[in-house]
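Tertiary structure, described
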Amino acid sequence: MAEPFGGANMSGREFTKKTGNSKQPSVEPFEVDTITTIMNAPPRITLVKGFAGRGDLVLFYGPPKHGKTFLASHFAISVAVQANWFGRKHKSPAGSVLYCALEGGSGMRQRLKAIQQHDPALGDRITDQNLKIIRKRIDLRQPTDVARLIATIAKCERETGMPCLLVVVDTIARALGSGNDTDPKDMSALIAASDTVRQAGSQPTVALIHHAGKDVNRGPRGRSDLPGAIDTCVLVERLENGAGNRATCEYAKDDPDGWAIEFTLERVEIGVDEDGDPITTCVLREGETHQFAPAKTKTTNAKPYRGQRQRIFARQFGKLAAKHPGGVERGLLYSHFLSELNAERQRDGQDQLAGNAATTAFRQVLMSFRAQVPPLFTEEGDMIHPISERH
C-alpha cells in the first residue's frame, strides 16, 4: 500500500519530487482527540437554557422595521442583568455584555432611556459594569479591527472582574465597512472574525443582527454560507394582523428549534425635542404566552391544517418534480402549493392566505420537511431536488 503524502517513510528524494523543496520542514502536528478525551471534555456551558450556549453564534434577522433590533437588544439586556428571557432561564454567572451599536448610538440611547422610564424594575438593574456599548464603526473584515475588538473584550473583563458573556453586532451590513453581504470573501471574513471573537477571553456568545432578503422564504440576505455557520437562527417578523411581532427559531444545532415567541413594541414618549415635540421610541413587552416547544410537524386535533399543508406540499412537489427532472424552482413550488391550499380553504369556508401569512405557511411546511427523516428532498440555491434524483 502506498505511503500517504508526508508519511514517516517518505524519503528525501520523494519529498523533493512532490514539493520541489529539498529540505523537510519541521512542523507542529495537529492536536488529536480520542474517544476518552472527547467523553471527558467539559460539557457545553449554557447561557440561556433552551436557546444559546456560551460561545455560540446566534443570528437575529428579519425585514426592516419588524423588531429584530429590539428583540436582540432585549436579549442582550436580559443577559446583562441575569434575567430570564421569555420564560427561559439565564444560567450563567454574573457577567457583562458588549453591544456594538454600529448603526448609531442614538437609537440604543433612546431604547435604554425608554426602559429606565417605562420599565424601571429592569432599567434599575442595568449598570456601567454589566452593559458596555461601542458606537464607533468596526470593520470585521480587517484584522486590526478584530484585534481591537478582542482587546476591548479583555479590557472589559479586567475592569469589571466579570466574564464577557455576550457580544452583539448590530448590524452585519455595518460591520462589513465598504464590503457587501453578497460578496463571498467579505462574508467569509465576517464568519472568521465571529469565530475568533467567540474564542476570546471567556468565550462569549456572539449575536449578529441582519436583514432578510427580498423573499423572506430564502432566509437572511446575502451569501448562503452564513446560515451554515450559525448555531441558532431566529427570524423576526410583524404579525399579519399588525397586533404584535413573532420570532421563530428556524433552526438550532444544540437546542430545540421550530418554536415561536410573540411580543409587542409599545410606543412610548421619552422627552421632547427643541421644538417641544415628543420624542418617541418603543419598549418591548414579552407576550403573555411564549412557547419554546419544538414546532408541531404532525397532525393534531388542535391544528389539523398542518397535516393538510404537508400533504399539499408533498403532492405538488411530486407533480412538479415529475415535470422538471432537473429540479423544482422554489418560487414555482410556492405558487402551486398556495394555489391548492387556498382552493381547499375556500371550499372549507376559510379566508384566503396572502402576503406574510402565505409565505409563513410555506416556510413552516418547508421547515417541517427539512427535519423529516428520511428526507424528501435536498436544496441547492433556489432549486429543490427529490432525493431519488440524487442517488
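Below is a short write-up of the structure. (Residues numbered from 1 in each chain as written. Predicted model: local features only at pLDDT ≥ 70, side-chain atom pairs only at ≥ 80, totals over all residues. Heavy atoms only, no water.)

A word on a positive patch on the surface
Quick reminder of the rule: Here the term patch refers to residues with relative accessible area over 30% and no salt bridge, with like charges joined within 9 Å and nonpolar side chains (Val, Leu, Ile, Met, Phe, Trp, Tyr) within 5 Å. Throughout, the Shrake-Rupley method with a 1.4 Å probe supplies accessible areas, and for residues the shown protein chains are the sole cover considered. Any carboxyl oxygen of Asp or Glu that lies within 4 Å of a side-chain nitrogen of Lys or Arg is treated as forming a salt bridge with it. A residue counts as positive if it is Lys or Arg and as negative if it is Asp or Glu; His and the chain ends are not included. By convention, charge coordinates are those of NZ in Lys, CZ in Arg, CG in Asp, or CD in Glu. A run of H or I in DSSP counts as a helix once it spans at least four residues, and a run of E counts as a strand once it spans at least two, with each numbered from the N terminus.
On the surface, R109, K113, R135 and K136 cluster together to form a positively charged patch. Structurally, the position occupied by R135 is in the loop between β5 (131-134) and α6 (143-160).

Side note on unusual backbone geometry
Note the cis peptide between D170 and T171, where omega equals 10°. Mapped onto the fold, T171 is located in the loop between β6 (164-170) and α7 (172-175). Phi angles above zero are rare outside glycine, and F86 is one such case at about 50°. Turning to its location among the elements, F86 is positioned in the loop between α3 (68-80) and β4 (96-101).

Topic: the nonpolar core
Filter applied, for reference: The term nonpolar core refers to a set of buried residues drawn from Ala, Val, Leu, Ile, Met, Phe, Trp, Tyr and Cys, joined through side-chain atoms within 4.5 Å. Buried means the residue's accessible area, taken with a 1.4 Å probe over protein chains only, is under 20% of the maximum for its type, while exposed means over 50%, and partly exposed covers the values in between. Whether two residues are in contact is decided by their heavy atoms: any pair within 4.5 Å suffices.
Judged by nonpolar contacts, the single largest core of 42 residues is most densely connected at F51, F60, L71, F75 and W85. A per-element tally of this core places α3 first, with eight residues. Residues contacting F75, with those up to four places away along its chain left out, are L47, V48, F51, F60, W85 and L166. Within the second largest apolar cluster, 34 residues are counted, among which are Y61, C156, C164 and V206.

Details of the pattern of salt bridges
Any two side chains of opposite charge can pair, given that their charged atoms come close. If you walk through the whole model with that rule in mind, you get 15 salt bridges. Close ionic contact of R141 with D186 constitutes a salt bridge, the shortest N to O distance being 3.6 Å. A residue pair is termed long-range when its members are at least 10 positions apart, and R141 in the loop between β5 and α6 and D186 in helix α8 (residues 184-198) qualify at 45 residues. What makes D186 buried here is its relative accessible area of 12%.

Some details on the packing of α6 against α8
Condition: Axes here mean lines fitted to C-alpha atoms, for a helix over just the part in contact, with angles spanning 0 to 180 degrees between N-to-C directions. Working rule for angles: under 35 degrees goes down as roughly parallel, over 145 as roughly antiparallel, 65 to 115 as roughly perpendicular, anything else as oblique. Two helices that cross are described as forming a left-handed crossing if the nearer one is turned anticlockwise from the farther one by less than a right angle, and a right-handed crossing if clockwise.
Interaxial distance between α6 and α8 falls to 10 Å at its minimum, and their mutual angle equals 25°. If you check the angle between α6 and α8, you find them roughly parallel. As α6 packs across α8, the resulting crossing turns out to be right-handed. Contacts between α6 and α8 pair V146, L149, I150 and I153 from the former with A193, T196 and V197 from the latter.

Re the sheet that holds strand β12 (residues 328-329)
Defined as follows: Strands qualify as paired when DSSP identifies two bridges or more between them.
Taken in spatial order, the three strands make up an open sheet running β12-β14-β13, and their pairing is antiparallel. Each edge of the open sheet is held by one strand with a lone partner, namely β12 and β13 (377-380). In the sheet, β12 pairs with strand β14 (residues 383-386) via two bridges, with the strands oriented antiparallel. Note on β14: the bridge partner recorded for V328 is I384. Contacting β13 and β14, helix α12 (residues 355-370) crosses the sheet at an angle of about 115° to β13.

Comments concerning α6
The test is simple: Every helix has an expected span of 1.5 Å times one less than the residues it contains. The arc in question is formed by the directions pointing from the helix axis toward the C-beta atoms.
Here α6 contains 18 residues, and its C-alpha end-to-end distance of 26 Å stays within 8% of the 26 Å for a straight helix at 1.5 Å per residue. Among the residues of α6, those classed as buried are D145, V146, L149, I153, C156, E157 and T160. Down the axis of α6, the sector holding all buried residues measures 125°, keeping them to one side. Opposite the buried face of α6, at more than 90 degrees from it, the exposed residues are P143, T144, R148 and R158. Structurally, α6 contributes buried residues whose contacts are with β4, β5, β6 and α8. G161 lies just past α6 and shows a positive phi near 70°.

Describing the packing of aromatic side chains
Put simply, the rule reads: The criterion for an aromatic pair is that two Phe, Tyr or Trp rings (for Trp, the six-membered ring) have centres within 6.5 Å, with stacked assigned to planes under 30 degrees apart, edge-to-face to planes over 60 apart and tilted to the rest. Either the NZ atom of lysine or the CZ atom of arginine qualifies as a charge over a ring when it sits within 6 Å of the ring centre and within 35 degrees of the ring normal.
If you walk through the whole model with that rule in mind, you get 14 aromatic pairs. An angle of 40° between the planes, with centres 4.8 Å apart, marks the rings of F51 and W85 as tilted. You can see F51 sitting in the loop between β1 (46-48) and β2 (52-53) and its partner W85 sitting in the loop between α3 and β4, a full 34 residues away along the chain. Accessibility assignment for this pair places F51 and W85 in one class, buried. Between the aromatic rings of F313 and F362, the centroid separation amounts to 6.0 Å while the plane-to-plane angle is 40°, which identifies the pairing as tilted. Placement of F313 in helix α10 (residues 305-323) and of F362 in helix α12 is noted, with a sequence separation of 49 residues between them. A single burial state applies to F313 and to F362, both of which are buried. Pairwise contacts between aromatic rings join F51, F60, F75, W85, F86 and W259 into one cluster. It is R111 that lies over the ring of F70; its NZ or CZ is 5.5 Å from the centre.

Shape descriptors only; they carry no functional weight alone.
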